[in-house]
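Single-letter residue listing:
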Amino acid sequence: MSTAAAHGAHADAHEHHHESFIRKYIFSTDHKMISRQFLITGIVMGVIGMMMSILFRLQLAWPDQKFAILEFFLGRWAKGGVLDANFYMALVTIHGTIMVFYVLTAGLSGTFSNLLIPLQCGARDMASPFLNMLSYWFFFLSSVVLCWSFFVETGPASAGWTVYPPLSALEKAMPGSGFGMTLWLVAIALFIVSALLGGVNYISTVLNMRTKGMSMNRLPLTIWAFFFTAILGLLSFPVLLGAALFLIFDRSFGTSFYLSDIWLNGVGALENVGGSPILYQHLFWFLGHPEVYIILMPALGITSEVIATNARKPIFGYTAMVISLMGISVLSFIVWGHHMFITGMNPFLGSVFMFLTLVIAVPSAVKVFNYLTTLWRGNIRFTPAMLFAIGLVSFFISGGLTGIYLGNAALDINLHDSYFVVAHFHLVMGSAAIFGMFSGIYHWFPKMFGRLMNNTLGYFHFWLTFIAAYLVFFPMHFMGLAGVPRRYYAFSVLPEFNVWLEVNQLITVAAIMAGFAQVLFLWNFFYSIYRGKKSGPNPWNSNTLEWSTPVEHIHGNWPGEIPTVYRGPYEYSREDREEDFYPQHIPGDDEGHGHGAPKTKTAPVHTEEAPAATGGNVLFSALKKVLGFSPR
Amino acid sequence: MKKMMFGWSGAKLLLWASLLLTSTLAPLSVFAQADPASDVIPAPKEFSLSTADLVYYAYWLLALLVLLVIVYIFNIGAASEKLTGRTVINWTKVNAWLSIIFLVAGSAGVAYELVYHGKLLLPEAASAHGDSIDNMFNWTFGFTFAVFVITEVLLFWFLFKYRHKEGRKAAYYFHNNQLEVIWTVIPAIVLTFLVLRGYSTWHKITQTPEPKAKQIEVFGYQFGWKARYAGDDNKFGESNFNFIDPATNELGLAIKPTVVALRDTLMADTGRLGNDLRNLSSMLKTKADQLAKMSLAADGKAYTDLEREMEDIRNGNKASELRKMIKRKGVQIQRINATLDSKDVFNEAANDDKITTEIHLVKGQPYTFRYRARDVIHSAYMPYFRAQMNVVPGMMTSFTFTPTKTTKQMQDELKNPEFNFYLFCAKICGSAHYNMKIKIVVESEAEYNAWIEKQKRVVDPVQPATPVAPAEAKDTTANPKTATNRNIKPSLAMGF
Ligand code: HEM
Ligand SMILES: [Cu+2]
Ligand SMILES: [Cu+2]
């Protein structure tokens, strides 16, 4: 009954477009609004994470210097203006956590999967808008819990973003392993719930709700990337949830999954025997490695779309791009051991993981070559989105290549846990994925907010960030190769490392410069939301379906019928057309041959009224009935 | 419309001007202030003026830059574009040239780094297998650097070359099987080569038995390292985490009198804790009296601490904490008792072991470091020996290598008389992780012999087995029956 009532009220609201503020802006079930919510939350978390990195960069560059201003802001965490060693660890940990999970998983994938999957597939909304809304609110709750840990007496979690036990399991092992660690685990558990709700939705929407003519081989590469990302997340996040639960048990209920033979200062010999700390690492990296592709693949998808659109060329080797994504996805599940070469794991296992890891380099290389060929003989428009996409390719090359060193077990002996690793993952995961995210924001800003961002500010933002990012992360390779371990609070205590202080200062200055550049972005972003130039319906002359919707957001995305798709998404600069683009929904008999000509010309994949009864569909219509919501 | 624009830019101008002003007027000393505790005017320590300048000018320049950008975009640019109706700056051209400039400047930067820091990289390996790692590194570097240069140059060159031109149409070029096969196969071949080479290097380092290797135990704890040499019998004594006593038996070696003394101390502790548990209510009264004599104003933290303690007692937290401690110590006592009669554990082999605070090695002698952790995971990282292995509680790990250069030799080679080998901790392990290291000295056999001779045995041979019995052990209140209950199976996990 209440369901029916709610439904009726809902339908009413739909008709008159007069939703209450709360339903429209807060507990919205509209994928476009949810996407904006993900984006804004992600940006806020990103600013927090970046400010943390600047704080600990100050410490690394001038470890003996007293910055009175820090004490003013941080109080007991920076007594006398010097960052506390425990707080340094906390900053590094939370910085890593925020950047990996909150900015680049939820902020990037959450934003663009939500925005683009229904729009580019031609669906009125997600398969389950209600679960979608839940997904955002679990994410929000998780962010709040994580930030809360800064107000805990013993400080936030500080065992590194990987929170290896026993350090993270034993409350007395370090202050950050107290209540702050509990909050971290709760935050991650909530986060995983959010990721799973999102993932289920993305997968079922892509599989079941594509419009007429949108066969899988006409999907834009963005959708392919989000699709594989969602599958990776769905299969690997539960493992992390398990790992986190075991850790919670070990911390609070006296189990010994990860603990054995420990004598802890201030406590004595512990009762726990029989567990293994290495078990945690296996579980963690079973998520952890796919996670880096969960971060990277959406960025690669965005890049494919942006590069093709702005080079005015079909993406080169569409099929190869999809196969590469698929290959990367499959392989990413069986390479986690490369994070554990020197844990004392059987060396033979190390050889296997080394082999599999280096195999992953092949599809990655194919992607890079395909990007380059797409640019070749293009007609390249320098929009800020395009520049950021190019930046991604550059970082993907320089960061990806160092992966070949780290994937080699013999070399990893010397490089593991050194600054070389920090350089590697910041280039390939940090910089590349962040650039993908920026690219997406600049490109789809008109779709999200109906206005354009300022290009000139975008150019400044790009060049400053691009140069600064290389200045920050490139020199770290050299530190790592000279044997500087990571997560070191102060280098000045070791005379051998003093030579690196100078480099650290350069890096810090560059990091501050990068920080300033983000002010330009934030200004541009928030200013343009309200006062940017009004955008037309298809500002980039793009082919994909999202640009066939009206600029003003409406429920159900298209005022009339959902357009039918006639060809692949990358028919740019066809010889037989005067215009250099050919939108997917413009009727025309010719299929185009940008990639494998679809055979399923007639079979509609989805019609609004009667979805085909596939397993997923049945499940979801059941869920929809239970939850009382229907996709519009 | 114009008015509004002015209003906005005015606000912006104000914002950035104030930022500029603070950064120009605030020399860094305002932000960076000396320790108030020091009485004299402090000399800038470890902080040369030039670095201060650097930050200061960086802020200044950036603020200026941002100001310029804002002013440019929102005033001059927009206004003149409005007036003349044509673009002031051709951004396509600017961006295209910037990508070329970036390419050139970037290459110069990479070249500079290679020259300037290149000599610090992978400094001459000081171990036998180190050369094979460096060799592997060089192969990898050769391939990846070539790919890096080619792809990055192409990327930025294409950006420049194929920049947008009015009226030109891009090539409709979407597919080329041959090309794609070629650039799938070539990386595959290169990577096969690297994998095979990597495999043989890795295999050689980790899976080649070294029968002549001498064993040294390296023990990691929060926050430091200890080394243990096996002594004259060439046999390590057994060890166990239940035997650890930071004062008398840091590594938890099986030395009967010491372990018995530890057990007695533990029993005394449990007895005392049991008394505390029984007397909680009287304790609460004592504390209340104590509190009555104090005041928040005068005692501050001591007062609030006491208050909290009483709160804990009232809520039962104290009781449960005491119970947990008693249980934990009881388990430890049982585990000790269960082994005390074992001849395999208490076999006297530990007596002549030597525990040292430096590691001394003989040049050319293969060593196997056997790692033990006391509390959390550490990682034993020796960059000059190209060696690293995690140190994991509850699991023995090891790493075998042969030092090939003495400390003296390295000092001469690096022209640095201060040089020393160190074993660092590379796995985050707590607040002092960054300062957890042990010195390694590589020397000749004679020098080594002289040094090891001087190191003390764990148990002095003249008066065997005279551990210090802790004073409290005498007034033990624990029931001796439980303490000597030996019916428990030896279930503890042994170190080795
Ligand atoms: C403003 C830009 C950034 C700067 C200056 C920066 C700097 C750093 C530095 C120096 C460390 C190592 C600290 C140490 O080992 O003591 C670090 C750790 C880390 N950063 Fe960043 N970073 C930035 C952005 C990012 C981004 C975008 C990501 C996203 C992937 C990221 C992810 C991480 C992770 C995962 C760690 C490891 C944390 C740990 O050791 O547990 N960072 N960052
Ligand atoms: Cu990985
Ligand atoms: Cu450590």
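Shown above is the structure to which this text applies.
I will try to describe carefully the structure that is included in this document. (Residues numbered from 1 in each chain as written. Chains lettered and ligands numbered in written order. Predicted model: local features only at pLDDT ≥ 70, side-chain atom pairs only at ≥ 80, totals over all residues. Heavy atoms only, no water.)

## Observations regarding the site of ligand 1
Residue and element names in this part refer to chain A. Neighbouring residues of ligand 1: 25 residues in total, closest Tyr88, His95, Trp161, His426 and Arg487. Contact distances for ligand 1 include 2.7 Å between an oxygen atom and a backbone N or O atom of Trp161. Measuring from a nitrogen atom of ligand 1, one finds a side-chain N or O atom of His426 at 2.7 Å. Of all elements in the fold, only α3 (31-61), α5 (85-121), α14 (419-449) and α15 (455-481) reach the threshold of two or more residues within the shell around ligand 1. The element that contributes the greatest number of residues to the shell around ligand 1 is α5, accounting for 7 residues. Taken together, the residues of the shell around ligand 1 break down into 16 nonpolar, 6 polar and 3 charged. (Near = heavy atom within 4 Å. Polar contact = N/O pair within 3.5 Å; in protein donor to acceptor, adjacent residues only side chain to side chain. Helix = DSSP H or I, 4+ residues; strand = E, 2+ residues; numbered from the N terminus. Nonpolar A, V, L, I, M, F, W, Y, C, P; charged D, E, K, R; others polar.)

## Quick word on the coordination of the copper ion (ligand 2)
Residues and elements named next belong to chain A. The coordination sphere of the copper ion (ligand 2) contains the protein donors His289 (ND1), His338 (NE2) and His339 (NE2), at a distance range of 1.6 to 2.0 Å. Along the chain, the residues that donate to the copper ion (ligand 2) are spaced as H-x48-H-H. Of the two residues, His289 is situated in helix α9 (residues 277-311) and His338 in the loop between α10 (318-331) and α11 (347-375); the sequence distance between them amounts to 49 residues. A relative accessible area of 12% means that His338 is categorised as buried. (Donors = N, O, S within 2.8 Å, 3.2 Å for Na, K, Ca; no water. Buried < 20%, exposed > 50% of the residue type's maximum accessible area, 1.4 Å probe, protein only.)

## Remarks on the interface of chain A and chain B
At the junction of the two partners, chain A supplies 141 residues and chain B supplies 130 residues. Here chain A and chain B share 2 salt bridges between them. Between A:Glu271 and B:Lys327 there is a salt bridge, with the nearest N and O atoms lying 3.0 Å from each other. Remark: the boundary between chain A and chain B carries 28 residue pairs in polar contact (both at pLDDT 80 or more). Looking at which element gives the most residues to the side of chain A that touches chain B, the answer is α11(A), with 17 residues. Taken together, the residues that form the side of chain A that touches chain B break down as 88 nonpolar, 30 polar and 23 charged. (Contact = heavy atoms within 4.5 Å. Salt bridge = Lys/Arg side-chain N within 4 Å of Asp/Glu carboxyl O.)

## Looking at empty space enclosed by the protein
Residues and elements named next belong to chain A. Here the structure, examined in full by the defined rule, presents 8 cavities of 30 Å³ or more. Taken as a whole, the largest cavity encloses approximately 190 Å³ of empty space. Taken together, 18 residues form the lining of the largest cavity, with Thr105, Ser109, Ala195, Gly199 and Tyr202 sitting closest to its centre. Sorting the residues of the lining of the largest cavity by element identifies α5, α7 (179-208) and α8 (221-252) as the ones contributing at least two each. When residues in the lining of the largest cavity are grouped by element, the largest group, 6 residues, is from α7. Per-class residue counts for the lining of the largest cavity are 9 nonpolar, 9 polar and no charged. (1 Å grid on protein atoms, 1.4 Å probe; cavity = no way out; pocket = protein on both sides within 12 Å on 5 of 7 lines; lining within 4 Å. Points joined across faces, edges and corners; volume = space filled by probe spheres on them.)

## A few points about the coordination of the copper ion (ligand 3)
The coordination sphere of the copper ion (ligand 3) contains the protein donors B:Cys425 (SG), B:Lys427 (O), B:Cys429 (SG) and B:His433 (ND1), at a distance range of 2.1 to 2.5 Å. Of note is the copper ion (ligand 3), whose 4 donor atoms meet at the metal with angles of 86 to 125 degrees in an arrangement that counts as tetrahedral. (Tetrahedral: all angles 85-135°; square planar, octahedral: opposite > 155°, others 65-115°.)

## Section: the pairing of strand β9 (residues 421-425) of chain B
All names here are of chain B. In terms of residue burial, β9 counts as a mostly covered element, since 5 of its 5 residues are buried. Side chains Phe421, Leu423 and Cys425 of β9 all project onto a buried face; the interleaved residues Tyr422 and Phe424 project onto the opposite face, where all are buried too. Here 2 bridges tie strand β6 (residues 378-382) to β9, and the two strands are oriented antiparallel to one another. Counted as the bridge partner of Ala380 is Cys425 from β9. Sheet topology places β9 next to strand β10 (residues 437-443); 4 bridges connect them, and they run antiparallel. Residue pairing in the sheet places Leu423 in a bridge with Ile438 of β10. (Pairing = 2+ DSSP bridges.)

## Considering the layout of surface pockets
Empty space within the second largest pocket amounts to approximately 1,700 Å³. Lining the second largest pocket are 50 residues, with A:Glu171, A:Lys172, A:Val267, B:Lys324 and B:Arg328 sitting closest to its centre. Looking at which element gives the most residues to the lining of the second largest pocket, the answer is helix α11 (residues 317-340) of chain B, with 9 residues. Across the lining of the second largest pocket, the residue classes tally to 20 nonpolar, 16 polar and 14 charged.

## A look at unusual backbone geometry
For the bond from A:Pro165 to A:Pro166, the omega torsion is 5 degrees, close enough to zero to count as cis. By the element assignment, A:Pro166 lies in the loop between α6 (129-148) and α7. Cis peptide bonds are those with omega within 30 degrees of zero, and the linkage from B:Gln222 to B:Phe223 qualifies with -5 degrees. The backbone phi angle of A:Arg312 is positive, close to 55 degrees, even though this residue is not glycine. Assignment of secondary structure puts A:Arg312 in the loop between α9 and α10. Positioned with a positive phi, A:Ser573 is a non-glycine residue whose angle comes to about 55 degrees.

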